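Below are the chains, spelled out letter by letter.
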Amino acid sequence: MLKLKLSDGELVAREDISSGRVRKIDNTRDLNKSPVEFSDGDIIVLDFPTFKDGRAFSQARALRDQGFTGDIRAVGGLFRDQLAFAARCGITSFDLETDEELEGLRVSVGRYRHHYQRPGPAASAWEARS
């Protein structure tokens, strides 16, 4: 299992030292209807049971929209081409069930620097053109 975190847009090996409370959120929970009580020191774990189940992307975005600034960790079945989207949704660390090369994962996360749609309050590529 690869344990990775995002640091300045780059994937690096993650130590397993957790200074906050680890909170696993059920994959079926709608965080827009049923928000979670959190503090910024918490580590929130979101589950991707299979690569086809993208509910954790929505959960991560909802947590960021609700003001959570701590670590959001993805666990489970993500493919390397999904990591950039996970990072755009607000996920900051990964426990991945994969044997792919770390370099390939790094390339995947850093592949797209500009996007046409906003993930939230950030400027889109159209707005940044000026």
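Figured I'd write up the structure that's included with this text. (Residues numbered from 1 in each chain as written. Predicted model: local features only at pLDDT ≥ 70, side-chain atom pairs only at ≥ 80, totals over all residues. Heavy atoms only, no water.)

### Here's the deal with the nonpolar core
Side chains of nonpolar character tend, in soluble globular proteins, to be buried together. Ranked by size, the top nonpolar core spans 20 residues in total, and within it Leu46, Leu63, Leu78 and Ile91 carry the most contacts. Top element by residues in this core is helix α1 (residues 55–65). It accounts for five residues. (Core = buried A, V, L, I, M, F, W, Y, C linked by side-chain atoms within 4.5 Å. Buried < 20%, exposed > 50% of the residue type's maximum accessible area, 1.4 Å probe, protein only. Helix = DSSP H or I, 4+ residues; strand = E, 2+ residues; numbered from the N terminus.)

### Regarding the environment of isoleucine 72
Looking at the secondary structure, you find isoleucine 72 in strand β5 (residues 71–76). Residue isoleucine 72 is classed as buried on the basis of its relative accessible area of 0%. Distance in space between the C-alpha atoms of isoleucine 72 and isoleucine 91 is 4.9 Å, their sequence separation being 19 residues. Setting aside its immediate chain neighbours within four residues, isoleucine 72 contacts Ile44, Leu46, Ala60, Leu63, Arg64, Gly90, Ile91, Thr92 and Ser93. (Contact = heavy atoms within 4.5 Å.)

### Concerning the pairing of β5
Among the six residues in β5, six count as buried, and that is most of the element. By the bridge criterion, six bridges tie strand β4 (residues 43–48) to β5 in an arrangement that is parallel. Residue valine 45 lies in a different strand from β5, and its bridge partner there is arginine 73. With respect to chirality, the unit in which β4 leads through α1 into the neighbouring parallel β5 is right-handed. (Pairing = 2+ DSSP bridges. Right-handed = clockwise from strand over helix to strand, strands pointing away.)

### Section: the side chain of glutamine 59
Assignment of secondary structure puts glutamine 59 in helix α1. Side-chain polar atoms of glutamine 59 contact the backbone oxygen of arginine 29, separated by 3.0 Å. Apart from the residues lying within four places of it in its own chain, the contact partners of glutamine 59 are Ile25, Asp26, Asn27, Arg29, Leu31 and Leu46. (Polar contact = N/O pair within 3.5 Å; in protein donor to acceptor, adjacent residues only side chain to side chain.)

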